[in-house]
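Each chain is listed here by its residues.
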Amino acid sequence: PSAKGGSNLYSQRVYRNPSNHYDTTKIYGQSITKAQSVGGVELIIMHQGEADTNAHRTEAQYEADFATMIGHYRQDLYATIPIFICQLGMISIEGGDPRTDADVVAVRNAQHDLDNGVDIFMAATAMDQPRMDDVHYTVAGLNAIGGRMAQAIKYYFGAASYYRGPAITF
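Residues numbered from 1 in each chain as written. Predicted model: local features only at pLDDT ≥ 70, side-chain atom pairs only at ≥ 80, totals over all residues. Heavy atoms only, no water.

### With respect to helix 4 (residues 101–114)
For an α-helix, the turn length of 3.6 residues means that residues three or four places apart are oriented alike.
And then number 1: Under the 1.5 Å per step criterion, the end-to-end length of helix 4 is 20 Å for 14 residues, consistent within 8% with the ideal 20 Å.
And then number 2: Every buried residue of helix 4 is listed here: Asp 103, Val 104, Ala 106, Val 107, Arg 108, Ala 110, Gln 111 and Leu 114.
And then number 3: The inward-facing, buried residues of helix 4 abut helix 2 (50–54), helix 3 (59–76), strand 2 (83–87) and strand 3 (120–125). (Helix = DSSP H or I, 4+ residues; strand = E, 2+ residues; numbered from the N terminus. Expected span 1.5 Å × (residues − 1). Buried < 20%, exposed > 50% of the residue type's maximum accessible area, 1.4 Å probe, protein only. Contact = heavy atoms within 4.5 Å.)

### What about the sheet that holds strand 3?
And then number 1: Spatial strand order, 1-2-3: three strands in an open sheet with parallel pairing. Every interior strand has two partners, whereas the edge strands, strand 1 (44–46) and strand 3, have only one. Direction aside, the axes of adjacent strands within the sheet are offset by 20 degrees on average.
And then number 2: Here strand 2 pairs with strand 3 via five bridges, running parallel. Residue Gln 87 lies in a different strand from strand 3, and its bridge partner there is Thr 125.
And then number 3: Of the strands in this sheet, strand 1, strand 2 and strand 3 are in contact with helix 3, which crosses strand 2 at around 150 degrees.
And then number 4: Sheet strands touched by helix 4: strand 2 and strand 3. Its angle to strand 2, the strand with the most contacts, is close to 150 degrees. (Pairing = 2+ DSSP bridges. Axes fitted to C-alpha atoms, helices over the stretch in contact; angles between N-to-C directions.)

### What about the packing of aromatic side chains?
Centre-to-centre distance and the angle between the planes together describe a pair of aromatic rings.
And then number 1: Under the definition given, this model contains nine aromatic pairs.
And then number 2: Centroid distance Phe 121 to Tyr 156: 5.9 Å. Interplanar angle 80 degrees. Geometry classified as edge-to-face. Within this pair, whereas Phe 121 is found in strand 3, its partner Tyr 156 is found in helix 5 (residues 139–156), the two being separated by 35 residues in sequence.
And then number 3: With a centroid separation of 5.0 Å and 85 degrees between ring planes, the pair formed by Tyr 156 and Phe 157 is classed as edge-to-face.
And then number 4: Within the aromatic cluster, the residues linked to one another by ring pairs are Phe 84, Phe 121, Tyr 155, Tyr 156, Phe 157 and Tyr 163. (Phe/Tyr/Trp six-rings, centres within 6.5 Å; stacked < 30°, edge-to-face > 60°.)

### What about the side chain of Arg 131?
And then number 1: By the secondary structure assignment, Arg 131 is in the loop between strand 3 and helix 5.
And then number 2: At a separation of 2.8 Å, a polar atom in the side chain of Arg 131 contacts the side chain of Tyr 137. (Polar contact = N/O pair within 3.5 Å; in protein donor to acceptor, adjacent residues only side chain to side chain.)

### Focus on unusual backbone geometry
And then number 1: Phi at His 56 takes a positive value of approximately 60 degrees, unusual for a residue other than glycine.
And then number 2: When you line up the elements, His 56 lands in the loop between helix 2 and helix 3.

On their own, these measurements won't tell you what the molecule is for.
Quick look at the structure:
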């Protein structure tokens, strides 16, 4: 794990330092350093996007920022590293909140559209999972999200016949 609360894909503390990819003052550098220290990683799991909604990033901007980040990981780790994304869950929008429903939908749509079924997977959705506050899931919610991620990883390695599910209908 290399998360830092309130981080979004486009902020300067997230981007990789072009002259030192292992710069641990950047979240990217922290993650690469951690991966190297354990001998490498086989895949990347991401549950990210809440902070991007606060900055009113469009769907196209989020997709471009994500593609840049993944391109960097593929240069510094290995070219075909699979990425497993958890789509944003429900976010309560209250008075004074900088984000709008449109901001949240833009990130969710981008996360869905980034899935190519080959090496980038929208492995789980968290929309139906309970939270204990505006950001954190309950233990039951985390367990369900983890199970969905595991199903997608099993699919990637040929041990399951599907990875998308459950379908959310309103």
